[in-house]
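A closer look at the structure
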Amino acid sequence: QVQLVESGGNLVQAGESLRLSCVATVAEGYTFNMYTMGWWRQPPGKEREFVAAINWSGTTPAYADSVRGRFTISRDDAKNSVYLQMNTLKPEDTAVYYCNSDSSRSLANYIKSPPSTLRVWGQGTQVAVSS
């Protein structure tokens, strides 16, 4: 259906910015613009949590409270890509960040979904923010 590859993770200092990219390889018969795309993260020793999502139309991107105002999700369907611009990074943003795609949920339902119910993930990219 789709394969996802994230990149852009790095070790940065608090207050700095980072941009994550996720490139999708979409199977024949599918189109990238039909997928809701999301970013999730898993801090060390913790559960995977929702960060941001954007639906196929790009309407009303959604954010976790912890990142709203600092992070921006965007998509470029021509490049089969989704991005996460992360500004004013904080140590609590330290996590492995995962790209996810979904074609079966509304955006409202997607952001409330337990991560275990989401099927298509990238391999993750490490973001570490030092004080």
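**A closer look at the state of the cysteines**
The final tally for this structure, using the stated rule, is 1 disulfide. One disulfide in the model links cysteine 22 with cysteine 99; its S-S distance is 2.1 Å. On the sign convention where negative is left-handed, the bridge of cysteine 22 and cysteine 99, at about -80° about the S-S bond, is left-handed. Linking cysteine 22 in strand E3 (residues 18–26) with cysteine 99 in strand E9 (residues 95–102), this pair joins segments that are 77 residues apart in sequence. Residue cysteine 22 is classed as buried on the basis of its relative accessible area of 1%.

**Digging into the sheet that holds strand E1 (residues 2–7)**
Spatial strand order, E1-E3-E8-E7: 4 strands in an open sheet with antiparallel pairing. The outermost strands of the open sheet, each flanked by one partner alone, are E1 and strand E7 (71–76). Adjacent strand axes in the sheet meet at a mean angle of 15°, parallel and antiparallel pairs treated alike. Here 6 bridges tie E3 to strand E8 (residues 81–86), and the two strands are oriented antiparallel to one another. Following the sheet pairing, leucine 18 is matched in E8 by methionine 86.

Conventions we followed
Residues numbered from 1 in each chain as written. Predicted model: local features only at pLDDT ≥ 70, side-chain atom pairs only at ≥ 80, totals over all residues. Heavy atoms only, no water. Disulfide = S-S within 2.5 Å. Helix = DSSP H or I, 4+ residues; strand = E, 2+ residues; numbered from the N terminus. Buried < 20%, exposed > 50% of the residue type's maximum accessible area, 1.4 Å probe, protein only. Pairing = 2+ DSSP bridges. Axes fitted to C-alpha atoms, helices over the stretch in contact; angles between N-to-C directions.

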